[in-house]
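Observations on chain architecture
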Amino acid sequence: ALLGIGGFDLSLKVWERLAPSAPLRRVRLIDPLERTVTATTPLLIDERVGRYLMGEDALDRRISPLLAPVEGGPLLKRHRPLIDDLAGKLRAAARPWAMITGPKDSGRRAAAAALAHGFGCELVEMKSRLIEASPDLLPILMREAILAGLALLIDMASPEGRRLVEERGDEF
């Protein structure tokens, strides 16, 4: 019904938002019952999304085992201007994500935690090995990050973390 209201411009915007690569479907906020979406295709929402819309905010039980809290530690003063600059660039990005690199014990986790905190997010580490074993959960993980206000850390020192970013980085 929505596709016929508001003329061509509104209909075009609705179709764009229902495209497989658009955020609504990419992060599994909605799922069509059929592969091809038409004006009569029923759209489903996961129970987690429905509960979120009703005010209940609990992490999807399929995702909880894939995440671990991160203790970032104190941010070095000399890193603050770099984090602030990076935050400004991320605010302007359509799909914000950053790669913070450096040798072990260089303050990468502290920098990531400070960056996440600046956006009002909790920093959690993705257990790349578990995600690699269940690749279909990656879109759900992305949805949960959005709904729960999580910033995701991928440890690039692990082979699984490197593979995840190399093979699926475009999905973030």
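Residues numbered from 1 in each chain as written. Predicted model: local features only at pLDDT ≥ 70, side-chain atom pairs only at ≥ 80, totals over all residues. Heavy atoms only, no water.

Attention now moves to the packing of aromatic side chains. According to the stated counting rule, one finds zero aromatic pairs in the structure shown. The ring of Phe119 is capped by Arg91, whose NZ or CZ atom sits 4.4 Å from the centre of that ring. (Phe/Tyr/Trp six-rings, centres within 6.5 Å; stacked < 30°, edge-to-face > 60°. Lys NZ or Arg CZ within 6 Å of the ring centre and 35° of its normal.)

Moving on: the side chain of Arg48. Relative to the elements of secondary structure, Arg48 occurs in helix α3 (residues 47-53). When near neighbours in sequence (up to four residues on either side) are disregarded, Arg48 contacts Glu56, Asp57, Ala58, Leu59, Asp60, Arg143, Glu144, Leu147 and Ala148. (Helix = DSSP H or I, 4+ residues; strand = E, 2+ residues; numbered from the N terminus. Contact = heavy atoms within 4.5 Å.)

For helix α4 (residues 80-91), spanning 12 residues, the distance from its first C-alpha to its last is 16 Å, which sits close to the expected 16 Å at 1.5 Å a residue. Within α4, burial applies to Ile83, Ala87 and Leu90. Seen along its axis, α4 keeps its buried residues to an arc of 65°; they face one direction. Relative to its buried face, α4 has exposed residues pointing more than 90 degrees away, namely Pro81, Leu82 and Lys89. The inward-facing, buried residues of α4 contact α5 (108-118). (Expected span 1.5 Å × (residues − 1). Buried < 20%, exposed > 50% of the residue type's maximum accessible area, 1.4 Å probe, protein only. Arc of directions from axis to C-beta.)

A separate point is the layout of surface pockets. By volume, the largest pocket is sized at about 1200 Å³. What lines the largest pocket is a set of 41 residues, among which Pro96, Trp97, Ala98, Ala151 and Leu152 lie closest to the centre. Those elements giving two or more residues to the lining of the largest pocket turn out to be α2 (23-26), α4, α5, α7 (138-148) and β5 (150-153). Counting residues per element, the lining of the largest pocket draws most heavily on α5, at six residues. Tallied by class, the residues present in the lining of the largest pocket amount to 29 nonpolar, three polar and nine charged. Taken as a whole, the second largest pocket encloses approximately 210 Å³ of empty space. Looking at the second largest pocket, the residues that line it are Asp46, Glu47, Arg48, Arg51, Glu56, Ala58, Leu59, Asp60, Arg61 and Arg62. Counted by class, the lining of the second largest pocket contains two nonpolar, no polar and eight charged residues. (1 Å grid on protein atoms, 1.4 Å probe; cavity = no way out; pocket = protein on both sides within 12 Å on 5 of 7 lines; lining within 4 Å. Points joined across faces, edges and corners; volume = space filled by probe spheres on them. Nonpolar A, V, L, I, M, F, W, Y, C, P; charged D, E, K, R; others polar.)

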